[in-house]
Amino acid sequence: MTKRLLLLSNSSLPDQNYLEFALDTISDFMGETKDAIFIPFAGVTFSYDEYEDKVNEALNKIGIVVQSIHHFDDPIKAIREANGIIVGGGNTFRLLERCYHFNILQEISNKVTDGCPYIGWSAGSNLAGPTICTTNDMPIIEPPKFEALNLINYQINPHYTNALPAGHKGETRDQRIEEYITINKEATVLAIPEGTYLVYDRDGLKYKGKKEGFKFKYGSSKTSFTDNQTF
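The notes below deal with the structure included here. Given the structure is predicted, the values throughout are model-derived calculations rather than measurements. (Residues numbered from 1 in each chain as written. Predicted model: local features only at pLDDT ≥ 70, side-chain atom pairs only at ≥ 80, totals over all residues. Heavy atoms only, no water.)

**Comments concerning the nonpolar core**
Applied cut-off: We call a set of buried residues a nonpolar core when its members are Ala, Val, Leu, Ile, Met, Phe, Trp, Tyr or Cys and they connect through side-chain atoms within 4.5 Å of each other. Burial classes follow relative accessibility: with a 1.4 Å probe on protein chains only, a residue under 20% of its type's maximum area counts as buried, one over 50% as exposed, and anything between as partly exposed. Runs of H or I in DSSP of at least four residues are treated as helices and runs of E of at least two as strands, each being numbered from the N terminus. Any two residues whose heavy atoms approach within 4.5 Å at even a single point are treated as in contact.
Counting 39 residues, the largest nonpolar core has I39, I85, L95, Y118 and L127 as its most contacted members. Considering each element in turn, this core owes the most residues, five residues, to helix 4 (residues 92-101). Once residues lying within four places of it in the same chain are set aside, the contact partners of L127 are V87, L95, L96, C99, L105, Y118, A148, L149 and N150. One finds A58, V66, I86 and W121 within the second-largest nonpolar core, a separate group that totals 23 residues.

**Notes on the pairing of strand 2 (residues 35-39)**
Selection rule: Two strands are said to pair when DSSP picks up at least two bridges between them. The crossover handedness rule: strands pointing away from the viewer, path from first strand over the helix to second strand clockwise, crossover right-handed.
Burial runs high along strand 2: four of the five residues are buried. Pairing analysis gives four bridges linking strand 2 to strand 3 (residues 65-68), with the strands arranged parallel. Residue A36 lies in a different strand from strand 3, and its bridge partner there is V66. Handedness of the strand 2-helix 2 (residues 48-59)-strand 3 crossover: right-handed.

**Focus on the sheet that holds strand 6 (residues 155-157)**
Here is the rule: Convention adopted: a line fitted to C-alpha atoms gives each axis, helices being fitted over their contacting stretch, and angles between N-to-C directions are expressed from 0 to 180 degrees.
With mixed pairing, the four strands of this open sheet are ordered in space as 6-7-10-11. The open sheet has two free edges, formed respectively by strand 6 and strand 11 (223-225), since each of these has just one partner strand. Across the sheet, the mean angle from the axis of one strand to that of its neighbour is 25°, orientation sign disregarded. Together, strand 6, strand 7 (188-191) and strand 10 (213-217) form the strand contacts of helix 7 (residues 173-183), whose direction differs from that of strand 10 by roughly 35°.

In structure tokens:
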């Protein structure tokens, strides 16, 4: 079976409702599949019930219903029986720590490899790569290790911007990514700005969006890519 992944940089754009910019894309991606297991573990400052309600309020507009995995007594069984898997954003370290805690990381990987559609945004997109080490989040909790789903061969940096506020003397995003690839020379990082996404299907991995994304690889110059770029 062909893996199918939709990896959104973010969940919201200015002056739009939650997930509004991505609803048509999500609907096309899911096709006839109208229900999915939702993984809310990246949510930290609000309850899993609240997160589930927020996602359902958005996705019900396109006829999709999610049920959060925290309602299931057997999370592994829930993943194995899922018709789709949707992983929300928030704190990537907490997301990964909980996935290890409930022993579902490998189950998700197996299920998606067998063809189950996977949608993630922000932290949920980070989770699809080899590790979560190119997240923008603070390590508020320590997962057993940084290895993630490894469903694609690229590290993802969502919410990408290299902007530096006036008067701010800290490192730019580019500098942080350069630090990562200096230590992890074999890695390739795809930095995707808000409002864009990556989709993986039988045609491979493709970038979609109106803004430029950027690829970082040790020993190579930062290179840009645009809509419909394949990797």
